[in-house]
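Working through the structure, step by step
Single-letter residue listing:
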Amino acid sequence: MKKNKRKDTGFIYAFSEEKLKEFKDTPLRARLQWLEEANMFINKAIGFKKRAVFDKRFKGIEKN
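This write-up is about the structure you can find in this document. (Residues numbered from 1 in each chain as written. Predicted model: local features only at pLDDT ≥ 70, side-chain atom pairs only at ≥ 80, totals over all residues. Heavy atoms only, no water.)

1. Some details on the packing of aromatic side chains
Note the following rule: Working definition: rings of Phe, Tyr and Trp (its six-membered ring) pair if their centres are within 6.5 Å, and the pair is stacked with planes under 30 degrees apart, edge-to-face with planes over 60 apart, and tilted otherwise. Under the DSSP-based scheme used, a helix requires at least four consecutive residues in state H or I and a strand at least two consecutive residues in state E, with every element numbered from the N terminus. Residue burial is assigned from relative accessible area. The probe radius is 1.4 Å, only protein chains are included, and a residue is buried under 20% of its type maximum, exposed over 50%, and partly exposed in between.
Applying the stated rule across the entire model yields one aromatic pair. Each ring, one from Phe23 and one from Trp34, has its centre 5.4 Å from the other, and the planes form 65°; the classification is edge-to-face. With Phe23 in helix α1 (residues 17-24) and Trp34 in helix α2 (residues 28-54), the pair connects residues that are 11 residues apart, well separated along the chain. Judged by relative accessible area, which is 32%, Phe23 ranks as partly exposed.

In structure tokens:
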């Protein structure tokens, strides 16, 4: 049986200049809320194990 050896290529998402300007003008509290909600969504959608593939800070974290 062959072992699947995937190369860790990371994950990148680029924003347009327009979106960055829009985000810059958003109040700090709203930006933080957006980040927290995005983080919770990602954790629920793919889980910590799969997230660790892209982000080494999540290696070894196991939550149900």
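After that view of the structure, there is still more to cover.
2. Details of the side chain of Arg51
Short version of the rule: Contact between two residues is taken to exist if any of their heavy atoms lie within 4.5 Å; hydrogens are not considered.
Within the fold, Arg51 resides in helix α2. Discounting residues that sit within four places of it in the chain, Arg51 has contacts with Asn39, Ile42, Asn43, Ile46 and Phe58.

3. A short note on the side chain of Asn43
Residue position: Asn43 is located in helix α2. The class of Asn43 is buried, set by a relative accessible area of 17%. Leaving out residues up to four positions away in the same chain, Asn43 has contacts with Phe48, Arg51 and Phe58.

4. Digging into the pattern of salt bridges
The following threshold applies: Salt bridge criterion: a side-chain nitrogen from Lys or Arg within 4 Å of a carboxyl oxygen from Asp or Glu.
Following the criterion strictly, the structure yields one salt bridge and no others. The closest approach of N and O atoms between Lys19 and Glu22, which form a salt bridge, is 3.6 Å. Taken together, the residues Lys19 and Glu22, both in helix α1 and three residues apart, mark about one turn of the helix. With a relative accessible area of 46%, Glu22 lands in the partly exposed category.

5. Re α2
Because each turn of an α-helix spans 3.6 residues, side chains separated by three or four positions end up pointing in the same direction. Put simply, the rule reads: By this rule, a helix spans an expected 1.5 Å times one less than how many residues it contains. In this scheme, the bend at a residue equals the angle between the axes fitted to the seven residues that finish there and the seven that begin there.
A rise of 1.5 Å per residue sets the reference length of α2, with its 27 residues, at 39 Å; its end C-alpha atoms lie only 27 Å apart and thus fall more than 12% short of the reference. Approximately 95° is the largest bend angle found in α2, and it occurs at Gly47. Residues of α2 that are buried include every one of Asn43, Gly47, Phe48, Arg51 and Ala52, and no others.

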